[in-house]
Amino acid sequence: MQTSSLYVHIPFCDRICSYCDFAKVFYREDLVDHYLDRLEEELKELPATKMKTIYIGGGTPSALQLHQLERLFQMLSSFYDEKTIEYCIEANPESLTHEKIDLMIAYHINRLSLGVQSFNEELLKKIERVHNKDMVEDVIFYACGKGLTNLSIDLMYGLPTQSKEDILYDLEVASHLPLQHISYYSLILEEGTKLNNEHYEGLSEDEDAYYSDLIVNELEKMGYHQYEVSNYAKGDHESEHNKVYWHYENYYGVGSGASGKIDNTLIDHSRALFQYIKGKDTRSYTTLSEEDTMFNHVMMSLRLLEGLDLCDFYERYHKHVEEVYGKAIEKNKDHLVIENNHLHCTKQSLKILNTILLDFLD
Ligand SMILES: C[S@@+](CC[C@H](N)C(=O)[O-])C[C@H]1O[C@@H](n2cnc3c(N)ncnc32)[C@H](O)[C@@H]1O
Ligand code: SF4
């Protein structure tokens, strides 16, 4: 299978949020410079191909200084051409200056994914975010005014003290912004995070399902369709890069903490940042059996409302999905639908996907 997607991890943040377990350390100028040196070497190992999608994630890519960002974009420019359908970068409102937005646009970034989490300033302080609603509005209207037509924000629910009214307020504020996409995540309590250490308990399953329904319905009224467990788009503005993961296609993953997939091999960089900077190969390679590859493919694709493409499944494994997972499909016949050559969850059963998937492991 061809590989035409590239993920680049920037593991630096100005602050560490109380819920976050992603690979990151505090921003330090000299560390970032050394990191970019090493990233440049790793990028040289890749074949000289143009990518369909490029995604710079973090950490906080916008925490880099302007000249560091420019260096990063120059390093990536050989992977871009006019056929690159999506070139996306994650950013935090407090560090995304107008100059950085101008620079991104000059280097062909066409999608911005902004970490907002909430517009409620009390709540933002509790989770140790340092931006406010005005900063978010400022960068979104600036980016929109400069012609960026693919703007996304991340929101979260299930945060400490967050009420139904708080969620409705966040949705109300979002409804006035020129956005094309919203990722709305249910808080996952990760080991080792401050929130988890403080024994915050999070939502019960029923509460989670209640808020999830509320969000789906409100976003639909605002013109966003749900296309994945946590993702909503207007029109055709679904995340093309993330769909590569959900379709279980190939992608390169570059940088400390990044992961890639080439056919049935998973390539994971450890989070050992200093080892990475020193030039040590921090990658581990896992070759999956066909059984595991098929399961991962199903697991990822069932996250999409469109579901698993059955023709693609047959082309890849020369087996019909019913042949492999007939029992699991039969057992979940109230939750799964086969139509238009796709196997998919219903909107309701998407909420119990993890339970459904257990049957696919049997
Ligand atoms: C890892 S961050 C990177 C981008 C950027 N630094 C930011 O804060 O938005 C990407 C998104 O993951 C989500 N996220 C991080 N930790 C999470 C958790 N424990 N549970 C649910 N979503 C989480 C947040 O919505 C965040 O915006
Ligand atoms: S949520 Fe974003 S800003 Fe906060 S610690 Fe995680 S990666 Fe950094």
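Rules used in this analysis
Residues numbered from 1 in each chain as written. Chains lettered and ligands numbered in written order. Predicted model: local features only at pLDDT ≥ 70, side-chain atom pairs only at ≥ 80, totals over all residues. Heavy atoms only, no water. Near = heavy atom within 4 Å. Nonpolar A, V, L, I, M, F, W, Y, C, P; charged D, E, K, R; others polar. Buried < 20%, exposed > 50% of the residue type's maximum accessible area, 1.4 Å probe, protein only. Helix = DSSP H or I, 4+ residues; strand = E, 2+ residues; numbered from the N terminus. Arc of directions from axis to C-beta. Contact = heavy atoms within 4.5 Å. Domains from an automatic or database assignment. Buried area = accessible area lost by both parts, 1.4 Å probe. Salt bridge = Lys/Arg side-chain N within 4 Å of Asp/Glu carboxyl O. Polar contact = N/O pair within 3.5 Å; in protein donor to acceptor, adjacent residues only side chain to side chain. Areas by Shrake-Rupley, 256 points an atom, 1.4 Å probe, with all protein chains shown as cover. Phe/Tyr/Trp six-rings, centres within 6.5 Å; stacked < 30°, edge-to-face > 60°. Lys NZ or Arg CZ within 6 Å of the ring centre and 35° of its normal. Pairing = 2+ DSSP bridges. Axes fitted to C-alpha atoms, helices over the stretch in contact; angles between N-to-C directions. Parallel < 35°, antiparallel > 145°, perpendicular 65-115°, else oblique.

(A) Quick look at the site of ligand 2. In the region of ligand 2, the neighbouring residues are Cys-13, Arg-15, Ile-16, Cys-17, Tyr-19, Cys-20, Lys-24, Gly-59, Thr-60, Asn-92 and Arg-129. Among the residues making up the shell around ligand 2, the classes are represented as 5 nonpolar, 3 polar and 3 charged.

(B) Just helix 13 (residues 321-331), in detail. Listed as buried for helix 13 are Val-321, Tyr-325, Ala-328 and Ile-329. With its buried residues spanning 100° around the axis, helix 13 presents them on a single face. Counted as exposed and oriented over 90 degrees from the buried face of helix 13: Glu-323, Lys-327 and Lys-331. Those residues of helix 13 hidden inside the fold are in contact with helix 11 (290-301), strand 15 (308-309), helix 12 (310-317), strand 16 (336-339), strand 17 (342-345) and helix 14 (353-361).

(C) Region of the structure containing the domain arrangement of the chain. For the chain, the assigned domains are domain 1 (3-244) and domain 2 (289-362). Contacts between domain 1 and domain 2 engage 10 residues on the former and 8 residues on the latter. A per-residue breakdown of the area domain 1 buries against domain 2 is headed by Gln-226, Glu-228 and Val-229, which together make up 50% of the total. Across the domain 1-domain 2 interface, the total number found is 3 salt bridges. Where domain 1 meets domain 2, there are 5 residue pairs in polar contact (both at pLDDT 80 or more). Looking at the side of domain 1 that touches domain 2, the elements that each hand over two or more residues are helix 8 (205-221) and strand 9 (225-228). For the side of domain 1 that touches domain 2, the leading source of residues is helix 8, giving 5 residues.

(D) Inspection of unusual backbone geometry at higher detail. Along the chain, Gly-58 connects to Gly-59 via a cis peptide bond; the corresponding omega equals 25°. Structurally, Gly-59 is set in the loop between strand 4 (53-58) and helix 2 (66-76). Look at Thr-161: it is not a glycine, yet its phi comes out positive at around 70°. For Thr-161, the position within the fold is in the loop between strand 7 (151-157) and helix 6 (164-175). Its relative accessible area of 56% is what places Thr-161 among the exposed residues.

(E) Examining the site of ligand 1 more closely. Taken together, 17 residues form the shell around ligand 1, and within it Gly-59, Gln-117, Arg-129, Asp-154 and Ile-188 come nearest. One nitrogen or oxygen atom from the side chain of Thr-60 is found 3.2 Å from a nitrogen atom belonging to ligand 1. One of the side-chain nitrogen or oxygen atoms of Gln-117 is found 2.7 Å away from an oxygen atom of ligand 1. Relative to its unbound accessible surface of 540 Å², ligand 1 loses 92% to contact with the protein. Of the residues that constitute the shell around ligand 1, the class distribution is 6 nonpolar, 7 polar and 4 charged.

(F) The arrangement of the environment of Tyr-248 in detail. Relative to the helices and strands, Tyr-248 resides in the loop between helix 9 (240-246) and strand 11 (250-254). On the basis of relative accessible area, Tyr-248 is assigned to the buried category, the value being 6%. The spatial distance from the C-alpha of Tyr-248 to the C-alpha of Lys-261 is 8.5 Å, given a sequence separation of 13 residues. The residues contacting Tyr-248, other than those within four sequence positions of it, are Met-1, Lys-261, Leu-266, Leu-288, Thr-293, Asn-296, His-297, Met-300 and Arg-316.

(G) Expanded view of the packing of aromatic side chains. A full pass over the atoms with the stated rule returns 13 aromatic pairs. Centre to centre, the rings of Tyr-7 and Tyr-55 are 6.0 Å apart; their planes meet at 25°, and the pair counts as stacked. Here Tyr-7 is found in strand 1 (residues 3-10), whereas its partner Tyr-55 is found in strand 4, with 48 residues between them in sequence. Accessibility assignment for this pair places Tyr-7 and Tyr-55 in one class, buried. Through pairs of rings, three or more aromatic residues link up here, namely Tyr-157, Tyr-184, Tyr-210 and Tyr-211. Arg-38 extends its terminal NZ or CZ atom over the ring of Tyr-276, reaching a point 4.6 Å from the ring centre. Over the face of the ring belonging to Tyr-248 we find Lys-261, whose NZ or CZ atom lies 4.6 Å from the ring centre.

(H) Inspection of the sheet that holds strand 17 at higher detail. Ordered by their spatial adjacency, 3 strands build an open sheet running 15-17-16, and the pairing between neighbours is antiparallel. Whereas interior strands pair on both sides, the edge strands pair on one side only; in this sheet they are strand 15 and strand 16. Strand direction decides the pairing type here: strand 16 and strand 17, joined by 4 bridges, are antiparallel. The residue of strand 17 that forms the bridge with Val-337 is His-344.

(I) Just the pattern of salt bridges, in detail. For the structure shown, the criterion picks out 24 salt bridges. Residue Lys-194 is joined to Glu-128 by a salt bridge in which the shortest nitrogen-to-oxygen separation is 2.5 Å. A residue pair is termed long-range when its members are at least 10 positions apart, and Lys-194 in helix 7 (residues 194-197) and Glu-128 in the loop between helix 4 (121-126) and helix 5 (133-145) qualify at 66 residues. Connected via shared salt-bridge partners are Glu-42, Glu-45, Asp-281 and Arg-283.

(J) Expanded view of the packing of helix 1 (residues 29-44) against helix 2. Interaxial distance between helix 1 and helix 2 falls to 10 Å at its minimum, and their mutual angle equals 5°. One way to sum up the angle between helix 1 and helix 2 is to call them roughly parallel. Residues Glu-29, Val-32, Asp-33, Leu-36, Asp-37, Leu-39, Glu-40 and Leu-43 of helix 1 pack against His-67, Gln-68, Arg-71, Leu-72, Met-75 and Leu-76 of helix 2. Split by residue class, the contact of helix 1 with helix 2 holds 7 nonpolar, 2 polar and 5 charged.

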